[in-house]
Every structure is written in structure tokens, then in C-alpha cells.
Amino acid sequence: MAYKIRQTAEAVSTGGSLISDAKLKQLYTTMLQCRLLTERARRAHSRNGSASLYAASKGQEAVATGCAIDLRPEDSIASHESIASRVVCGMVKGVPLHAAVAELYASGLPSTAIDAQLSAATGLALANKREKNTAVVVAFTGKAVTARDAWHETLAISARRSLPIIFVVENNSRVNSAGRRSGWEDFTQKAQSYGLPGITVDGNDVVAVYRVAHESLERVRQGDGPVLIEARTYRQADDPLTHMEEYLAAKKLFHARWKNRLVEEFSRKLDTAAKAARKMQRPQRNARALP
């Protein structure tokens, strides 16, 4: 599995440090759990027309896992993508599984305006700086959000005030008629224009994402200001789980029996969490039962 990082602006060094075998297996396990969670939600919503919201999250596991797995309880996540994306990121950070399941299966969830979410993320980062703590805000966005004036204003304010915030842009591409990927924009250039260091990383490579996120977190916690991570992904063709399985197999850390055991164990936890979530739900007319 290739480890490709292109750094621009102020470089964020990975230091050449090795990732332990335990951490590599944790990264894979977490991605697998994210996949199982959203697959369960997709099946549950298959009859109400919203299954596509959860199917679209397939392939995002490397970005969510790599960027959120080392977050501390005092850190915050702001996700301006789908419900599935927000819940997956929260679960990686440590949201209880029953709460994650309840949110994924709930209907009629209130939505907050994107501009308001961006403002809230900036405000929280500003509060953390004023309190002189080491808490970090990680703001996940898709390419569509970056077209909004509020997103550019958020970057400008964060850079000007050197706020403890990491922007993660998932930049999806498509295949053109020649079989080449297209549709990418260079968000690291946008970051440079506001005075932020920008890093482009292979968003389907959880090892690459993790190393960039780990070093970015250290930088931000030390008070060196915000960072923008551009994760370039192509979800349909480059499955991050398959890539990680091949990587672990090359290091003699992967076996199909281990994966099967992980699937069985987490599926049982999902069953238990679904039962707990069902008890938390208020009775609704024509409510859809949790699987």
C-alpha cells in the first residue's frame, strides 16, 4: 500500500516514526466497525428512501478513523457532511455505541445550518484558546461546503487568530472517459492563501491519514495555529479496508479468521446497541423497528 503525502506551505513533519503493530491493527479494526455500523443503518433505511445517505459513507472510513482515533475526550468534532459521516466520526472518538446507533436509526433528525455549524466550530476553538488548554476542534467537510463564503471566512479567522482547529476536506474524484480521475481541486492552495499549512494525503490510505493527523494534532496542541488536511479519495474503486488488509498481510498481521472474529464480535455489540437504542426512542406512529 503506497504511503503518499504531498506537503505544501509549512511542512508538518511525520518524523519518520514507526506506527506500532497494535496501532495498525486498531486502525483496521476501527475502520471495519465503521463499515459495519453504516451498513447496518443502510439496510435499516432501505425502505424509506434514505439508504443512499449511508451507502455514500462507504469508503470514508480511512479519513474518519485516521483523523479522529487519537482525539481526547476534551477535543471536539464538527462534521458538515451527512448524518452517517458525523456519527462515524463521533464513534471513532468514543461516543457510546448505543448513542451512535440511536442517532443513525432515528428519523426526523434536526439539521443545523452549515454556516451556523462553521461559526460554532470557530467559536469553540476560540474559547479553547482563551482558556489556554490543549483541546482541538476537528472540522470535517466535503467539497461542496468549501464553496460557501462562510467556509472561507472560517479559514481566514482561524488563521488570523491562530486558532486550535484542524480542517479536514474530503475531496472526492470521479473517473472520466479516459479512465483517469478528475474533479479534484487543490485545497492546499486555498489554505496557503489564508496563511494555513496545507497537506494533501491519500484519503484511502488510513496509515497516511493517521500520520498526517497525528502530527497535525501535535502542532495544533502546541499553539502553532490551524492546519488544513486535504484527503483525496476515490471511494468506489479504492476501498480503504482492502488496502489496509493487504498492508497488514504484508506485515503478517492479518488473517481472515481474525477479521471474521472482529465482525462477529462487533455485530453482537450492534445487536445489543440496537436494543438499547430502541428503548431510548419515543413511540412514534408507524415507527420503523430497529433491526
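Summarised in this report is the structure supplied together with it. Bear in mind that the values here come from a model prediction, so they are computed numbers and not experimental data. (Residues numbered from 1 in each chain as written. Predicted model: local features only at pLDDT ≥ 70, side-chain atom pairs only at ≥ 80, totals over all residues. Heavy atoms only, no water.)

## Digging into empty space enclosed by the protein
At step 1: On inspection of all chains with the given rule, the structure shows two cavities of 30 Å³ or more.
At step 2: The computed volume of the largest cavity comes to approximately 80 Å³.
At step 3: Elements represented by at least two residues in the lining of the largest cavity include exactly helix H3 (61-68), helix H4 (83-93), strand E3 (137-142) and strand E4 (165-172).
At step 4: Among the elements that take part in the lining of the largest cavity, H4 stands out by supplying three residues, more than any other.
At step 5: When the residues that make up the lining of the largest cavity are grouped by side-chain class, the tally is six nonpolar, three polar and two charged. (1 Å grid on protein atoms, 1.4 Å probe; cavity = no way out; pocket = protein on both sides within 12 Å on 5 of 7 lines; lining within 4 Å. Points joined across faces, edges and corners; volume = space filled by probe spheres on them. Helix = DSSP H or I, 4+ residues; strand = E, 2+ residues; numbered from the N terminus. Nonpolar A, V, L, I, M, F, W, Y, C, P; charged D, E, K, R; others polar.)

## So, the packing of H3 against helix H9 (residues 206-221)
The packing of two helices is summarised by the inter-axis angle and the distance between the axes.
At step 1: Relative to each other, H3 and H9 sit at 30°, their axes nearing to 8 Å. Considering the angle they form, H3 stands roughly parallel to H9. For the pair H3 and H9, the crossing hand works out as right-handed. Packed against H3, whose contacting residues are Ala62, Val63, Thr65, Gly66 and Cys67, the element H9 presents Val206, Val209, Tyr210 and Ala213 at the interface.
At step 2: Its residues assigned to classes, the contact of H3 with H9 shows seven nonpolar, two polar and no charged. (Axes fitted to C-alpha atoms, helices over the stretch in contact; angles between N-to-C directions. Parallel < 35°, antiparallel > 145°, perpendicular 65-115°, else oblique. Left-handed = near helix turned anticlockwise from the far one by under 90°. Contact = heavy atoms within 4.5 Å.)

## Overview of the pattern of salt bridges
Oppositely charged side chains are able to pair whenever their charged atoms sit close together.
At step 1: This structure, assessed with the given rule, holds eight salt bridges.
At step 2: Residues Asp75 and Arg221 are paired through a salt bridge, measuring 2.6 Å at the closest nitrogen-oxygen approach. With Asp75 in the loop between H3 and strand E2 (76-79) and Arg221 in helix H9, this pair connects stretches of sequence that are 146 residues apart. The burial state of Asp75 is the same as that of Arg221; both residues are buried.
At step 3: For Asp115, the salt bridge goes to Arg148, with nearest N and O atoms at 2.9 Å. In this pair, Asp115 sits in helix H6 (residues 114-130) while Arg148 sits in the loop between E3 and helix H7 (149-160), placing the two residues 33 residues apart along the sequence.
At step 4: Bridged by salt links that share partners, the residues Arg35, Glu61 and Asp239 form one connected network. (Salt bridge = Lys/Arg side-chain N within 4 Å of Asp/Glu carboxyl O. Buried < 20%, exposed > 50% of the residue type's maximum accessible area, 1.4 Å probe, protein only.)

## Here we look at H7
At step 1: Taking 1.5 Å of rise per residue, the twelve residues of H7 would be expected to cover 16 Å, and the 16 Å separating its terminal C-alpha atoms lies within 8% of that figure.
At step 2: For H7, the set of buried residues is Ala150, Trp151, Thr154, Leu155 and Ser158. Projection of H7 onto a plane perpendicular to its axis shows the buried side chains occupying an angular sector of 140°, all on one side. Pointing more than 90 degrees away from the buried face of H7 are the exposed residues Asp149 and Arg160.
At step 3: Next to the buried residues of H7 lie H6, E3, E4, helix H8 (187-193) and strand E8 (227-233).
At step 4: A positive backbone phi angle near 50° is found at Ser162, which sits one or two residues after H7. (Expected span 1.5 Å × (residues − 1). Arc of directions from axis to C-beta.)

## Observations regarding the packing of aromatic side chains
At step 1: With the rule as written, the count across this model stands at four aromatic pairs.
At step 2: Taking the centre distance of 5.7 Å and the plane angle of 80° together, the rings of Tyr28 and Phe254 count as edge-to-face. Taken together, the residues span a long stretch of sequence, with Tyr28 in helix H1 (residues 21-44) and Phe254 in the loop between helix H10 (240-250) and helix H11 (256-280) at a distance of 226 residues.
At step 3: Ring pairs connect the aromatic residues Tyr28, Phe254 and Trp258, which therefore count as one cluster. (Phe/Tyr/Trp six-rings, centres within 6.5 Å; stacked < 30°, edge-to-face > 60°.)

## Observations concerning the side chain of Ser76
At step 1: You can see Ser76 is positioned in strand E2.
At step 2: Ser76 gets classed as buried once you look at its relative accessible area, which sits at 18%.
At step 3: Residues within four places of Ser76 in sequence aside, it is in contact with Lys93, Leu124, Val136, Val137 and Val138.

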